[in-house]
Amino acid sequence: MESQGVNELLERVLGLEGLSVLGASLQHHGLEIQVRPQLTARRCGICNDFWRGYDQLPMRRWRHLSLERTPVWLSYATRRVKCPNHGVRVERVPWATHGSFFTTELEQMMPWLSHRLGRPATCRMLGLSWHTAERLLHRPVVLMPDLKRIEERYVIGANTLSLRCHSQDLATVMARLEVPGMNGTVGPSLAC
């Protein structure tokens, strides 16, 4: 598969709007995907207005949702803008809120899953430590204009989980995702 096809595939898998994938590499800490905003103009991280560029900062990473058991990181060398109202600020990126080390999608998914599955199962599913989960739960909730992406039910690789170690978690997740159980029964809806 050619490089352009891989980049397009990664853009679809990430499901994030407003970014272009430049490349990816498997590192010791997980899958690191080099991205850039599709919009080339720079926006102030606070007021979201377009301003002149100031300089470029070193490469930075944001934690995204995991693929299977592989943590995903988005990396980008952020630029700074010179805003007349806020001074020199880091540009706004479409995949994260200003000052966050996590993508907006991960920040929205953590409390949503924690409310439905509990914190231990959520930490295991997202590959986060208790300390990180606690920080995410105490951050202000980012407003979501469209819950469609979270409310849609996706089952990806349920057969790859270890039934010996995580049978209770797998049964809970499958019941909540309305996946037929061993007896052909269907569990409760995610919408409840």
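**Some points on the overall build of the chain**
Of the regular secondary structure elements, the chain holds six helices and five strands. Starting at the N terminus and walking to the C terminus, you meet the elements of the chain as α-β-β-β-β-β-α-α-α-α-α. Taking all 192 residues of the chain together, the buried fraction comes to 35%. Long-range contacts, defined here as pairs at least 24 residues apart, represent 52% of the contacts in the chain between residues at least 6 apart. For the chain, the exposed surface amounts to about 11900 Å²; the carbon and sulfur share of it is 55%.

**Focus: the pattern of salt bridges**
Counted by the stated rule, this structure contains four salt bridges. A salt bridge links Asp55 to Arg80; the shortest N-O distance between them is 2.8 Å. Of this pair, Asp55 sits in strand S3 (residues 53-67) while Arg80 sits in strand S4 (residues 70-83), and the two are 25 residues apart along the sequence. For Arg80, a relative accessible area of 24% puts it in the partly exposed group. Taking the shortest distance from any N to any O, the salt bridge between Glu91 and Arg79 comes out at 2.8 Å. Residue Glu91 is located in the loop between strand S5 (87-90) and helix H2 (104-117), and its partner Arg79 is located in strand S4; the two are separated by twelve residues in the primary sequence.

**Some words on the environment of Leu9**
As for its position among the elements, Leu9 is in helix H1 (residues 3-14). Relative accessible area serves as the criterion here: at 43%, Leu9 is assigned to the partly exposed category. For Leu9 and Val21, which are twelve residues apart along the polypeptide, the C-alpha to C-alpha distance reads 9.2 Å.

**Here's the deal with the pairing of S5**
Pairing of S4 with S5, which is carried by four bridges, proceeds in the antiparallel orientation. Opposite Cys83, over in S5, you have Gly87 as the bridge partner. Here S4 hands over to S5 after three residues, the two strands then running antiparallel side by side.

**Quick look at the pairing of strand S1 (residues 19-27)**
In this sheet, strand S2 (residues 30-37) lies alongside S1 in antiparallel orientation, the contact comprising eight bridges. Within S2, the position partnered with Val21 by the bridge is Val35. In this structure, the hairpin formed by S1 and S2 is closed by a connection of two residues.

**Quick word on helix H4 (residues 130-137)**
Inspection of H4 places Thr132, Ala133 and Leu136 among the buried residues, and these make up the whole buried set. End-on, the buried residues of H4 take up no more than an arc of 100°, which puts them together on one face. For H4, the exposed residues set more than 90 degrees away from the buried face come down to Trp130 and His131. In this structure, the buried side of H4 is in contact with H2 and helix H3 (119-126).

**Quick notes on the confidence of the model for the chain**
Taken residue by residue, the chain gives an average pLDDT of 76. The fraction at 70 or more is 71%. Note on residues 157-168: pLDDT under 50 across the span, and nine contacts to partners over four residues away in sequence or across chains.

**Considering the packing of H3 against H4**
Running from amino to carboxyl end, H3 crosses H4 at an angle of 105°, the nearest separation of the two axes being 10 Å. It follows from the interaxial angle that H3 and H4 lie roughly perpendicular. Contacts from Arg119, Pro120 and Cys123 of H3 reach H4 at Trp130, Ala133, Glu134 and Leu137.

**Some thoughts on the nonpolar core**
Among soluble globular proteins, nonpolar side chains are generally buried collectively. Among the nonpolar cores identified, the biggest contains 15 residues, and Leu14, Leu19, Val21, Ile33, Val35, Leu74 and Trp95 are the most heavily contacted of them. Those elements giving two or more residues to this core turn out to be H1, S1, S2 and S4. The next biggest cluster of nonpolar side chains, apart from the first, holds 14 residues, and it includes Met110, Trp112, Leu126 and Ala133.

Criteria and thresholds
Residues numbered from 1 in each chain as written. Predicted model: local features only at pLDDT ≥ 70, side-chain atom pairs only at ≥ 80, totals over all residues. Heavy atoms only, no water. Helix = DSSP H or I, 4+ residues; strand = E, 2+ residues; numbered from the N terminus. Buried < 20%, exposed > 50% of the residue type's maximum accessible area, 1.4 Å probe, protein only. Contact = heavy atoms within 4.5 Å. Areas by Shrake-Rupley, 256 points an atom, 1.4 Å probe, with all protein chains shown as cover. Salt bridge = Lys/Arg side-chain N within 4 Å of Asp/Glu carboxyl O. Pairing = 2+ DSSP bridges. Arc of directions from axis to C-beta. pLDDT = per-residue confidence, 0-100. Axes fitted to C-alpha atoms, helices over the stretch in contact; angles between N-to-C directions. Parallel < 35°, antiparallel > 145°, perpendicular 65-115°, else oblique. Core = buried A, V, L, I, M, F, W, Y, C linked by side-chain atoms within 4.5 Å.

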